Amino acid sequence: MSLTARQLALAMLDRQLLLERRHLDVAEAVRRVCALQAQAPASPYLALWNRVQDFAPEDLDAAFAQGRIVKATLMRITLHVVHAEDYEPYHAAMLSTLRASRLYDRRFAATGLSPTDADTLLPELAAFLERPRTGTQVEDEVTARHGEHAHRVWWALRTFAPVHHAPTGGPWSFTRPNTYRTSTAAPAATPQEADAGVQRLLLGYLRAFGPATTQDFARFTLLTRTAITKALHELGDQVVQVPGLGRAALFDLADAAVPADDTPAPPRLLPMWDSTLLAHAVPGRVMPPEYRPLVVRRNGDVLPCLLVDGQVVGVWRAADGGLELTAFRRLGKVAWQGLTEEAEKLSVLLADRDPAVYRRYGHWWDKGFPDVERTIVKG
C-alpha cells in the first residue's frame, strides 16, 4: 500500500518529536531531529520546548556553553544548531556548497582575490579565533594583514570556514554582535570525508524527516543531485525505497516505522523557521498551499506557526503581555482549547526570558492576515 499524504506528515511529526514530547537530554534531542534552524537565537529554545518533556531553557544554555551542541552555518547556507559530534561530518558534507556560494559570488570576486587566496587565509583565521572574537574584530584583523575588502572577505570566510558562533549570554545564549570561534573541523575535506559526510547527513535527515525523496533532501541541504545519488548508492541496504503517492521515489531507513492514518497530532506553537516547514519540497507536508504565502514571506522569513491536527492553521506572536494567536480559518472549540493551553505554557517560559520574542518581525502582522479568528492568551 502506498503511504498517504497524512502518513508522510505524521511520520515527520513523529520523528520530530511533535506527536509526543519526550524525556530527552537536550543534546540528544538535537541529534534526534538532525538540526534546528537558528537564524533567530530564540528559535532552538522554542523548538525544543515543543519537543522535550519538562524542557528547561537552562539545560540548553549549558549545552551551548559546554560545547555539546554548536551553532554554525551549514544546510541551506543557513545557521543551524547541531550535536557537536555531527558538526564535522555535516560540515564536510556541505563544504563544497558553502564555498561555492561565496567564492564564486560577485561580491567576493570584486575583492580581486581567488578561491586559492581565500583558502590561504584559513590557518590565520583559525589561529585568530582560538578565543572568541566579534565579526568587527575579525574584519580589523583582516584589514591589518591584507588591506581593503575585509568586510567581503570575512563575509565569505565565515560561511565556509570551520567556525562556530560562540555563546555570549543573554536570554537565548547568542546576542549581537555575533561572536565566533574556531572549530576542530578540518578547513578542507577530502573527497572521502565529503562523501562520508553526505551519507551521515542523509541518514540523519531520514531519521528526522523521512520518508523523503531526493528532491526533499536537496531542498533541505542544497546539495547536488549527483552527491545525493552517490550517497544513496553507497549506503546500500541501510536505505530502502518505499511506496508513495507521487512519481518521485521515496526513501527511508530500512528499520523505520510510519504511524497509522488515524494517529492524533496535538496542537503546537512552532518557532520561526521551524525545520518541519523547510525540510521537504514546496509546499512541504504540514503547510496547506494556500497558507504558504502568509507564513513564508518573500524575503524568506518563516513566521511562528500554529499547528492543529498536524497542519498549519495560523500564526502567533508575542503581544499585550501574552501571545496573540491568529487562525486563517475557523477552528473548533477543542482546537482552540488545545492551542490556548500550549500558549499559556509558552507565555510562562517567555516571561522569564524574553516576553517580546520575535519583536523585530512584527511588521508582517501590519500587512494583514485573513483574520478569521484571533485571541490573546496570557500565562
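Read on for a plain summary of the structure.

### Quick notes on the pairing of strand β2 (residues 69-73)
So, step 1. In terms of burial, β2 is a largely internal element, 5 of the 5 residues being buried.
So, step 2. Of the two faces of β2, the one lined by I69, K71 and T73 and the one lined by V70 and A72 are each fully buried.
So, step 3. Taken together, the 5 bridges between β2 and strand β3 (residues 79-83) define a ladder with antiparallel strand orientation. The residue of β3 that forms the bridge with T73 is L79.

### Topic: the pairing of strand β10 (residues 305-308)
So, step 1. Covered by surrounding structure in β10 are C305 and L307 together with L306 and V308, the residues of both alternating faces.
So, step 2. In terms of strand pairing, strand β9 (residues 268-269) meets β10 through 2 bridges, oriented antiparallel. In the sheet register, R268 faces β10, and the bridge partner there is L307.
So, step 3. Pairing between β10 and strand β11 (residues 311-319): 4 bridges, direction antiparallel. Pairing of L306 across the sheet is with G314, part of β11.
So, step 4. Between the antiparallel neighbours β10 and β11 lie 2 residues, among them D309 with a positive phi of about 55°.

### Re the side chain of T276
So, step 1. On the secondary structure map, T276 appears in the loop between β9 and α13 (292-295).
So, step 2. For T276, a relative accessible area of 1% corresponds to the buried category.
So, step 3. In this structure T276 touches M12, Q16, L18, R51, F209, L270 and V286, once residues within four positions along its chain are discounted.

### Structural notes on the environment of D261
So, step 1. In this fold, D261 is placed in the loop between β8 (250-253) and β9.
So, step 2. With a relative accessible area of 34%, D261 lands in the partly exposed category.
So, step 3. C-alpha of D261 to C-alpha of A11: the two residues are 250 residues apart in sequence and 9.9 Å apart in space.
So, step 4. Excluding anything up to four places from it in sequence, D261 contacts T4, R6, Q7 and L10.

### A closer look at the pattern of salt bridges
So, step 1. For the structure on display, the rule yields 21 salt bridges.
So, step 2. Between K230 and D195 there is a salt bridge, and its shortest N-O distance comes to 2.8 Å. With K230 in helix α12 (residues 225-235) and D195 in helix α10 (residues 191-209), this pair connects stretches of sequence that are 35 residues apart.
So, step 3. Take K230: its relative accessible area is 40%, and that puts it in the partly exposed class.
So, step 4. Each of R31, E85, D86 and R200 takes part in salt bridges that share partners, so that together they form one network.

### Observations concerning the side chain of S183
So, step 1. Looking at the element boundaries, S183 is found in the loop between β6 (179-182) and α10.
So, step 2. For S183, the side chain forms a polar contact with the side chain of H164, separated by 3.5 Å.
So, step 3. Here the side chain of S183 touches A185 through a polar contact of 2.9 Å, landing on its backbone nitrogen.
So, step 4. If we skip the residues at most four places from it in the chain, S183 touches Y87, P162, V163 and H164.

### Focus on the sheet that holds β9
So, step 1. In spatial order, the strands read β9-β10-β11-β12-β13; together these 5 strands make up an open sheet with antiparallel pairing. In this open sheet, the two edge strands, each paired with only one partner strand, are β9 and β13 (373-377).

### A few points about the nonpolar core
So, step 1. With 127 residues, the main nonpolar core has V295, W316 and L325 as its most contacted residues.
So, step 2. Per-element accounting of this core gives the leading share, 8 residues, to α10.

### Points about the packing of aromatic side chains
So, step 1. Following the criterion strictly, the structure yields 14 aromatic pairs and no others.
So, step 2. When the ring of Y205 is compared with that of F217, the centres are 5.1 Å apart and the planes differ by 50°; the resulting orientation is tilted. Of this pair, Y205 sits in helix α10 while F217 sits in helix α11 (residues 214-221), and the two are 12 residues apart along the sequence.
So, step 3. For Y205, a relative accessible area of 0% translates into the label buried.
So, step 4. For the ring pair W365 and F369, a centre distance of 5.6 Å and an interplane angle of 75° mean the geometry is edge-to-face.
So, step 5. Using a relative accessible area of 9% as the deciding quantity, one classes W365 as buried.
So, step 6. Owing to a relative accessible area of 11%, F369 belongs among the buried residues under this scheme.
So, step 7. Here the aromatic residues Y45, F64, W172 and F174 are joined through ring pairs into a cluster of three or more.
So, step 8. Cation over ring: R99 sits above F160, and NZ or CZ is 5.5 Å from the ring centre.
So, step 9. The residue whose ring lies beneath R133 is F128, and the NZ or CZ to ring-centre distance is 3.8 Å.

Cut-offs and rules
Residues numbered from 1 in each chain as written. Predicted model: local features only at pLDDT ≥ 70, side-chain atom pairs only at ≥ 80, totals over all residues. Heavy atoms only, no water. Buried < 20%, exposed > 50% of the residue type's maximum accessible area, 1.4 Å probe, protein only. Helix = DSSP H or I, 4+ residues; strand = E, 2+ residues; numbered from the N terminus. Pairing = 2+ DSSP bridges. Contact = heavy atoms within 4.5 Å. Salt bridge = Lys/Arg side-chain N within 4 Å of Asp/Glu carboxyl O. Polar contact = N/O pair within 3.5 Å; in protein donor to acceptor, adjacent residues only side chain to side chain. Core = buried A, V, L, I, M, F, W, Y, C linked by side-chain atoms within 4.5 Å. Phe/Tyr/Trp six-rings, centres within 6.5 Å; stacked < 30°, edge-to-face > 60°. Lys NZ or Arg CZ within 6 Å of the ring centre and 35° of its normal.

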